[in-house]
Every structure is written in C-alpha cells, then in structure tokens.
Amino acid sequence: MTDAVIRSVAADAGEAQTRRLSTEGADLLLLAGVGDVNLSELQRIYPVRVTLRGDAMTLTGPAEALEKAAALAQRMLDAARQRTAFDADDVLRFSMEGPTNGEGAPERLVLPGVRKIIQPKTVGQAQYLRALFESDIVVGIGPAGTGKTYLAVAAAVDMLARKRVRRIVLARPAVEAGESLGFLPGDLQAKVDPYLRPLYDALEDMMPPERMQRALETRIIEIAPLAYMRGRTLGDAFVILDEAQNATSLQMKMFLTRLGVNSRAVITGDKTQIDLPNRADSGLTQVERILPGIDGIAFHYFTDADVIRHRLVREIVKAYAADAEQGA
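Here's a quick rundown of the structure. From a predicted model like this one, the values you see are computed outputs, not experimental measurements.

## What about a nonpolar patch on the surface?
On the surface, a cluster of nonpolar side chains totalling about 330 Å² of accessible area is made up of Leu-312, Ile-316 and Tyr-320. If you trace the backbone, Tyr-320 turns up in helix 11 (residues 311–327).

Shown next as structure tokens:
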C-alpha cells in the first residue's frame, strides 16, 4: 500500500510528541478505508498527524490529544486485524463510546449514517439505556417526554448496526386517544399509519432516508399494529411495544409470548394516559403487578425530572399528577 500521510490540523499549544503503533497482522486497506477516510476521520476527531508507513502507524501531536488518538487508533487496528470492515461513521462511534460496564452497556450511542450521538440527558435516562443493553425484557413506565420510546428505538438501531439482532419490530396498539377519527381513506396500512407515525418519526431521526426505506421494504424493520403480532414467533429481533398502556391484558400476554431465540423486548407506556374503556383492562398495569422479580426482566420508572421536552411540559406533568392525587 502507498504511504498515506494525512494533513494535520492545528495542534494544541505545547511540544508535539510521537507514538508508533504496530500494524502487524492488520488489513491495511480496511484500516485506512477507501481514500483513507478512516485515517482522515481519526485526524478530524483529534489534532494529530497520522502517517501509515510499512508496518507502523505513527501519530504525532500534543500529549493529551495523542493519548486519546492512540486509544482510538488501537481500536481501529484491532478491528482491521479481525478483518472487520468499518468506515468513518464507525471511527466516530469508537471515539464517542464511553466506558462500558461488565455487560457492555454503552454510555452513549453513535448511530451510523446520520452521525448522530444519542446521549442520556438525565440520570434516569442513563439507567434506562443501561437496562436496554443488560436485560432481555425492559418495561419503561413514565410520563410523556422522558425519552422512553426514543431511547428504545436508538438502542434497537444500534444493535441492528452491530448485527446483535437481525431485525427490528415496532408495534403499537391501534387505540383512539379519546376521540373518534371516523372513516379513514386508503388501504389497511394507510388506515393504521396515523397510529404508528411516532415510530416512523423516531426512525427517521436515526437513519438515512434511503437506508430506512430499504430496511422497511426488505422487512428488516417492521412497523405494525399490535394485533399483527398474533401467531408469530419473533426470533433474533429487537421488539418494541410502544403506548403499552393501551394494550389489553390478553394482547400483552400475546406480545410477550412472541419472543424467540436471541430476541429482546422493550415495553413503554404512561399509566396516566390509558385510553381503554376500562382502565383496569390495561396490560401495562398487569405486567407491573405480576412480572417483577423475574430474572431477565427489568422495570424502569421515569419521573417528571426526566422530561426533556419544552420546560413547560415538566410543569404540566407535575400539575396533572397533583390533580390526580387530589382526586384520588
């Protein structure tokens, strides 16, 4: 391979130092990427000069940046030695992933294609994200605006990109939120799409449009009403049931028993927004009562402190909660 010398960016004040890393056993084409994009990305992230020559990668720059750049370069070398293809998006993800615990739960997610960093904004969100990677079934309960669904979809997209699952299934009960929508034109999919729009919105924020469309067409990602899950076995999948407070007890049991080998499920809901005729029929309140204590199932409760929408949303949530307590 010809020598690749990447243009340096302005270095921090201080005398430059040099670090040499052995490239022995690494696939240099995978390491550098097409047109040296991986090396360019390494240098864009840290103010160092990168030279790939013979059996060594040489990094030159200020000491503090050099330490971080060398750690990132080592991750790239490890991947190249394992013949694992990666691109500039992956290099960015390598650099942004924080420390992991023993179960490999990341502190932040860097999604490929959109170069988007998903990072918890509250302690509660950080605990929830950790649970999504550590438990096979996670039940997230809390008010609107706390990131229950958004973080779950982000975890699903991350696991799909890492090939930890082969597909994503997103489901919602098709229950009208207190008002009648009347007749809706179009075929069956057109009639149920309004109920599923929030799931499409989350995906569109985390995947390039063409990649998302291709995944939907090939059913790598499936978005469907909960009723469509009956009779299926969902293997090697990340399955999310959103707005679970509007699933009946029978629907919830049906959903939970769809899980196949190497699958995980996330159930999200807000108990204050049950739209079923009889609130006691909610499958979310039932699982909250009967499933705690089962190994592999985690419950996470959000509070108004986790609301990350407009500042008034938190105050609105608190006002409704106070009114409900007075009326109890």
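So that's the structure; there's more coming.
## Overview of the pattern of salt bridges
Any two side chains of opposite charge can pair if their charged atoms end up close together. Considering all chains together, one arrives at eleven salt bridges under this definition. A salt bridge links Lys-68 to Glu-64; its shortest N-O distance comes to 4.0 Å. Placement of the pair is Lys-68 and Glu-64 together in helix 3 (residues 63–81), with a separation of four residues, close to one helical turn. Its relative accessible area of 58% is what places Glu-64 among the exposed residues. Here Asp-242 and Arg-172 are joined by a salt bridge, their closest N and O atoms 2.8 Å apart. With a gap of 70 residues between them, Asp-242 in the loop between strand 10 (237–241) and helix 9 (249–256) and Arg-172 in strand 8 (residues 167–172) connect regions that are remote in the sequence.

## Focus on the sheet that holds strand 8
In space, the six strands of this open sheet follow the order 9-8-10-11-7-12, with parallel pairing throughout. At either margin of the open sheet sits one strand with a lone partner, and together these are strand 9 (221–225) and strand 12 (297–301). When strand polarity is set aside, the average angle formed by the axes of neighbouring strands in this sheet is 15°. With five bridges connecting them, strand 8 and strand 9 associate as parallel partners. Bridge assignment links Leu-170 to a residue of strand 9, and that residue is Ile-223.

## Let's talk about the pairing of strand 10
In terms of burial, strand 10 is a largely internal element, five of the five residues being buried. Neither face of strand 10 is exposed, since Ala-237, Val-239 and Leu-241 on one face and Phe-238 and Ile-240 on the opposite face are all buried. Relative to strand 10, strand 8 runs parallel, the two sharing five bridges. Considered in strand 10, the bridge of Ile-168 is made with Phe-238. One ladder, built from four bridges, connects strand 10 with strand 11 (residues 264–269); its direction is parallel. If you follow Leu-241 over to strand 11, its bridge partner there is Ile-267.

## Some details on the layout of surface pockets
Estimated volume of the second largest pocket: approximately 510 Å³. Surrounding the second largest pocket, 18 residues form its lining, Pro-143, Asp-270, Thr-272, Val-317 and Ala-321 being those nearest its centre. Of the residues forming the lining of the second largest pocket, the biggest block, six residues, is contributed by helix 11. Here the residues of the lining of the second largest pocket are counted per class, giving ten nonpolar, four polar and four charged.

## A closer look at the packing of helix 9 against helix 10 (residues 283–290)
Two numbers describe how helix 9 lies on helix 10: the axes approach to 7 Å, and their chain directions differ by 65°. As for the relative orientation of helix 9 and helix 10, their crossing is right-handed in sense. For the pair formed by helix 9 and helix 10, the contact residues are Ser-249, Met-252 and Leu-256 on the first element and Gly-283, Leu-284, Gln-286 and Val-287 on the second. For the contact of helix 9 with helix 10, the class distribution of residues is four nonpolar, three polar and no charged.

Rules used throughout
Residues numbered from 1 in each chain as written. Predicted model: local features only at pLDDT ≥ 70, side-chain atom pairs only at ≥ 80, totals over all residues. Heavy atoms only, no water. Patch = residues over 30% accessible without salt bridge, like charges linked within 9 Å, V, L, I, M, F, W, Y side chains within 5 Å. Areas by Shrake-Rupley, 256 points an atom, 1.4 Å probe, with all protein chains shown as cover. Salt bridge = Lys/Arg side-chain N within 4 Å of Asp/Glu carboxyl O. Helix = DSSP H or I, 4+ residues; strand = E, 2+ residues; numbered from the N terminus. Buried < 20%, exposed > 50% of the residue type's maximum accessible area, 1.4 Å probe, protein only. Pairing = 2+ DSSP bridges. Axes fitted to C-alpha atoms, helices over the stretch in contact; angles between N-to-C directions. 1 Å grid on protein atoms, 1.4 Å probe; cavity = no way out; pocket = protein on both sides within 12 Å on 5 of 7 lines; lining within 4 Å. Points joined across faces, edges and corners; volume = space filled by probe spheres on them. Nonpolar A, V, L, I, M, F, W, Y, C, P; charged D, E, K, R; others polar. Left-handed = near helix turned anticlockwise from the far one by under 90°. Contact = heavy atoms within 4.5 Å.

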